[in-house]
Amino acid sequence: MGDYNASGIQGQQTQLNAAIVSSGKTEDVKDAKATLITDTTSKALKTEQKAEHPLNPNQVKQDAMRQQSLHAKNTERSLIRDTMRNAVTDTIESYNPKVTKEETINSLTNGTFIQRKLEDQIRVAKGDPDFKLEPAQLKQMKSYITVGNRAGLMAELKRVLGPEKAEKAEKLTLTIMDETKSVRQVSIESPERYADQLEGCFLKLMKNINTRVEGDDVRKANYEALQILREAFQSDAYQHLKEDESNAYVKMLHDINLKLYEETPLLDAYQEYGFNCMEDAGVTRDEVREMKTDTTENRAVFETKMMTAWTNLKNNKLSKIFGRIRSIVVNKLSALRSQMTSLGYDPRGEGENNAGAFYKETVNLKDDRTGEIVNVFTPSPTLGGVVSPEYRAALQAMQNHRLNPPEELNRSEEEMQFFEEEISEQKLSRPGGWVYVNHQDITKGAKSVLSKVIMRLNEELPLGAESARSKVIMRLNEEFPFSFKGITLTKDSKFYQAGMSHDVSWKKVKQKKFNSPGDLNRNFTELSNDFRKELLHENNFSVDKSHKGKGFYFPGKVEDWKKDIDNALNEADTFIHKVIKDNNVSYDQLTPQDIWELEAVYKEFVYAALSKAAEIKMLQQMGGNKNKILLTKACKENIDRGGAENAKSLWIIGRKNEDVLGCFFSRAAMGRFRAILPHRFQHFRSCIKWSSQDLFNQHLKEYLNKNFTHFTKTSSVESVHGKVEESVE
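What counts as what
Throughout, a residue's number is its position along its own chain's written sequence, starting from 1. Totals for whole chains, interfaces and linings use every residue, but because this is a predicted model, local features are given only for residues with pLDDT of at least 70 and side-chain atom pairs only at 80 or more, for both listing and counting. Hydrogens and waters are ignored; side-chain quantities use all the structure's heavy atoms. In this description a helix means any DSSP run of H or I spanning at least four residues, a strand means any run of E spanning at least two, and both kinds are numbered starting from the N terminus. To sort residues, take the accessible area from a 1.4 Å probe on protein chains only and compare it with the maximum for the residue type: under 20% means buried, over 50% means exposed, and anything in between is partly exposed. Note on contacts: a residue pair is in contact if any heavy atoms of the two residues lie within 4.5 Å. Computed with the Shrake-Rupley method and a 1.4 Å probe, the accessible areas treat only the protein chains shown as cover for residues. Each polar contact in these results corresponds to two N or O atoms within 3.5 Å; when the atoms are within protein, one needs to be able to donate a hydrogen and the other to accept it, and residues that are neighboring in sequence are counted only if both atoms are side-chain atoms. Expected helix span is computed as 1.5 Å times (number of residues minus one). Aromatic pairing here means that ring centres of Phe, Tyr or Trp (its six-membered ring) are within 6.5 Å. Orientation follows from the plane angle: under 30 degrees is stacked, over 60 is edge-to-face, and everything else is tilted. Cation placement over rings: the criterion is NZ of Lys or CZ of Arg within 6 Å of the ring centroid and within 35° of the ring normal. To define a nonpolar core, start from buried Ala, Val, Leu, Ile, Met, Phe, Trp, Tyr and Cys residues and group those joined through side-chain atoms within 4.5 Å. Whether two strands pair depends on DSSP finding at least two bridges between them. One side-chain nitrogen of Lys or Arg within 4 Å of one carboxyl oxygen of Asp or Glu is enough to make a salt bridge. For helices, the fitted line uses only the C-alpha atoms of the stretch in contact; every axis is such a line through C-alpha atoms, and the angle between N-to-C directions lies from 0 to 180 degrees. Roughly parallel covers angles under 35 degrees, roughly antiparallel covers those over 145, roughly perpendicular covers 65 to 115, and oblique covers all other angles. Any residue that is not Ala, Val, Leu, Ile, Met, Phe, Trp, Tyr, Cys, Pro, Asp, Glu, Lys or Arg is counted as polar, Gly included; the first ten are nonpolar and the last four charged.

Another aspect to go through is the overall build of the protein. Tallying secondary structure elements over the protein gives 29 helices and twelve strands in all. Each of the 729 residues in the protein was classed as buried or not, and the buried ones make up 57%. Nonlocal contacts in the protein, meaning residues at least 24 apart in sequence, comprise 80% of its contacts between residues at least 6 apart. By element, 49% of the accessible surface of the protein is carried by carbon and sulfur atoms, the whole surface being about 30,100 Å².

Right, let's talk about the side chain of R230 for a bit. Tracing the sequence through the fold places R230 in helix α10 (residues 217-234). Of the residues examined, R230 reaches a relative accessible area of 5% and is grouped as buried. Reaching out from R230, the side chain makes a polar contact with the side chain of D346 at a distance of 3.1 Å. Other than its neighbours up to four places away in sequence, R230 contacts D346, R348, L383, P389 and E390.

Residues that lie three or four places apart on an α-helix share one face, since the helix turns once every 3.6 residues. End to end, helix α24 (residues 558-582) covers 35 Å across 25 residues, agreeing with the expected 36 Å (1.5 Å per residue, within 8%). Taken residue by residue, α24 has W561, D564, I565, D566, A568, L569, E571, A572, F575, I576, V579 and I580 as its buried positions. Positive backbone phi, approximately 55 degrees, marks N584, located one or two places after α24.

Note on backbone geometry: most residues besides glycine have negative phi, and most peptide bonds are trans. Backbone geometry places A498, a non-glycine residue, at a positive phi of 50 degrees. As for its placement among the helices and strands, A498 is situated in the loop between α22 (494-497) and α23 (517-535). Of note, N584 is a non-glycine position whose phi angle comes to about 55 degrees, a positive value.

This next bit is on the packing of aromatic side chains. Between two aromatic rings, the relevant description is the distance of the centres plus the angle of the planes. As enumerated under the stated definition, the model contains 26 aromatic pairs in all. Ring geometry for F202 and Y249: centres 5.2 Å apart, planes at 55 degrees, overall tilted. With a gap of 47 residues between them, F202 in helix α9 (residues 191-209) and Y249 in helix α12 (residues 248-262) connect regions that are remote in the sequence. Accessibility classification places F202 together with Y249 in one group, the buried group. Summarising the aromatic geometry, the rings of Y391 and Y436 are spaced 6.2 Å apart at their centres and angled 70 degrees between planes, so their arrangement reads as edge-to-face. One end of the pair, Y391, is in helix α17 (residues 389-403); the other, Y436, is in strand β7 (residues 433-438), and 45 residues separate them in sequence. A single burial state applies to Y391 and to Y436, both of which are buried. Of the aromatic side chains, those joined through ring pairs into one cluster are F495, Y496, F524, F531, F552, Y602 and Y607. The lysine or arginine in question, K603, covers the ring of F495, its NZ or CZ lying 4.8 Å from the ring centre. The aromatic ring of W561 is capped on one face by K617, whose charged end is 4.6 Å from the ring centroid.

Turning to the nonpolar core, a few remarks are in order. Of all hydrophobic cores here, the largest spans 98 residues; its most connected members are F554 and F665. Take this core: its biggest share by element is 15 residues, from helix α25 (residues 592-620). When residues no more than four places from it in sequence are discounted, the contact partners of F665 are Y273, C277, M278, M306, A309, W310 and L313. Counting 31 residues, the second largest nonpolar core, distinct from the first, contains M84, V88, I105 and L253.

This part covers the environment of N315. Structurally, N315 is set in helix α15 (residues 296-315). Measuring from C-alpha to C-alpha, the distance between N315 and A675 comes to 8.7 Å, with 360 residues separating the pair along the chain.

Within strand β3 (residues 356-365), nine of the ten residues are buried, leaving the element largely enclosed by the surrounding structure. With eight bridges connecting them, β3 and strand β4 (residues 370-377) associate as antiparallel partners. If you follow A357 over to β4, its bridge partner there is V376.

A few words now on the pattern of salt bridges. With the rule as written, the count across this model stands at 41 salt bridges. K251 is the partner of D255 in a salt bridge, and the nearest nitrogen-oxygen pair spans 2.7 Å. Residue D255 and its partner K251 are located together in helix α12, separated by four residues, close to a single helical turn. A salt bridge links K628 to E262; the nearest nitrogen and oxygen atoms lie 3.2 Å apart. Taken as a pair, K628 in strand β10 (residues 626-634) and E262 in helix α12 lie far apart in primary sequence, 366 residues in all. Looking at K628, the relative accessible area reads 6%, which means it is buried.

This part is about the packing of helix α26 (residues 641-652) against helix α27 (residues 657-672). Where α26 meets α27, the closest approach of the two axes is 8 Å, and the angle between their N-to-C directions is 175 degrees. Classified by the angle their axes make, α26 and α27 are roughly antiparallel. Residue-level inspection shows G643, N646, A647, L650 and W651 of α26 in contact with α27, the latter providing D659, V660, C663 and F664. In terms of residue class, the contact of α26 with α27 is built from six nonpolar, two polar and one charged.

On to the pairing of strand β8 (residues 484-489), then. Of all six residues in β8, six are buried, a share of seventy percent or more. Alternating positions in β8 separate into two faces, F484, G486 and T488 on one and K485, I487 and L489 on the other, with burial throughout. Relative to β8, β7 runs parallel, the two sharing five bridges. Bridge pairing links N438 to T488 in β8. Pairing between β8 and strand β9 (residues 552-553): two bridges, direction antiparallel. Across the sheet, L489 pairs through a bridge with F552, a residue of β9.

All quantities given are derived from atomic positions and should not be read as evidence of function.
Have a look at this one:
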């Protein structure tokens, strides 16, 4: 993943300046010769040096939580800045582009974009003269036609034609790839204006990256860079050239944008915050590192200390009096605005809720193939009711990477085999797909009284914003069939919450009591049956009908997921009974709260299993010996539901305590100056309380081995900042 400090940048400064000079636009970049080691970077390095020393006692006494929050935010801002610089220098070093306006004009006027005409060939293969693709099929086929990938076309044709036509489909695909190629000339009235627009965005971005900033100006500069990227990705020139990475602007913008997602090492900012929160709860750094969760007693200590730290965070004022009033008002207005997509709500805020990476995980598949999964934090990738330009561009870049091999390699099976075995490993630097697990509420619902009234007046008005956001994200399955696989696992449904509310009153949950072992078994049998009905509801497999479903969405048909779901529930049943046995609790000792928590652990295991199923499915459909995908588990802002979910993900794979705790505490404090909402983390807390990480992982591995015969093991886990730890064997 690379070294994330600034040590490698100075030696690459000359290349960057040379590239800008070669563009003939040095007069537009006044400080292009400025060193890439800005005051901000120096400050970040000093911050890293200070990370070994706690804040002095006076600061901790006066305003500990506020100082910790600002410290983490400043570190994160600097890391983002460094990542942008690294992305630019790495791209220039690997590509060495000579960027000119004339090159872009030529690309716009003479660009070749491969199109495939498939309907006639499919009609012949099916032997049905009246065969017509349905609109949804045609829309999806166009994605394949545009990029012209042999493996993808073959898979899609097999799906459309049926398995009995597989051999004929394979021959047909080869024919299409080799003989039915056509070239489309781009018709643009004023390519010079479009070229100026794209070039202007690039030069503005270069100037932003090379501007010396410090303090709060770092946040403003980072947010400005994001806005420049959005402007570039919305430009007409980019829309025409987004599949043509022979254009230097397109390639560089794609690489910079992707690296901001997958290479900003957020844990570097969060670790220190986790330490500080636990120190405030009376736990030293060494004790945090050494705390174990392998026994019931150890888990109880860990959970108690974590909750003490959370209580201290909740009770501390995270800003001064006027700042706190402003924070409350902003939070309330932001929550109201987020419920109405028409107001253009941006979950990323204004540079305060940034994207970045947590860790990477390596999995071994059959035939000695491996996959690398990079867990990426990002809020909902939407602006109002549409997908954000930067997220759509990230998917486009990955789809380009997957589906546009060099033309000379696109001739024969032997050459394609060479491409898969040799070239794909060289291109691993760019991921080939993104698995997105959405935890927003995809069912049609509005939260505020005002939005409920308006929705009642107009059923089609998209004011149930979580539903609207969820749907546009899930539709990316059709728009980017090679580079996106999204599922929705609600964390707001009545079934999932099971009586949990904001005030976390355990008296409000169902008051269950077991009088015999049979009662215990029947309870989880009923839970499994109810969960199966929730997951396999017919509307969960249609984006258009998902708002009438149960809060879930899975791309494809019921039969595509039934095995995954059945196996996940079966393994969860085995797992939960092992959890109860390991805690040495008798059926008659379980309180209503205990039962709720055990059911929550059961649900979290199923969610983790289905999330992993989506990851393996994505890797399974990719060719080559070694592939990299990104993984995101997110709610609206990825602060509460997502904050707990991402902390749980780190806990499951055995990340260090400081990583788990830092992830758990940091986002709400940094983004909203508050503690994570208590009803949002009870499921995660229940996992820590009742199950060891080893037991959770053991049964997750059992599920994967039973469900995916090609999956062998999760061999190792590595954080994006270079620390390696063993995981499941």
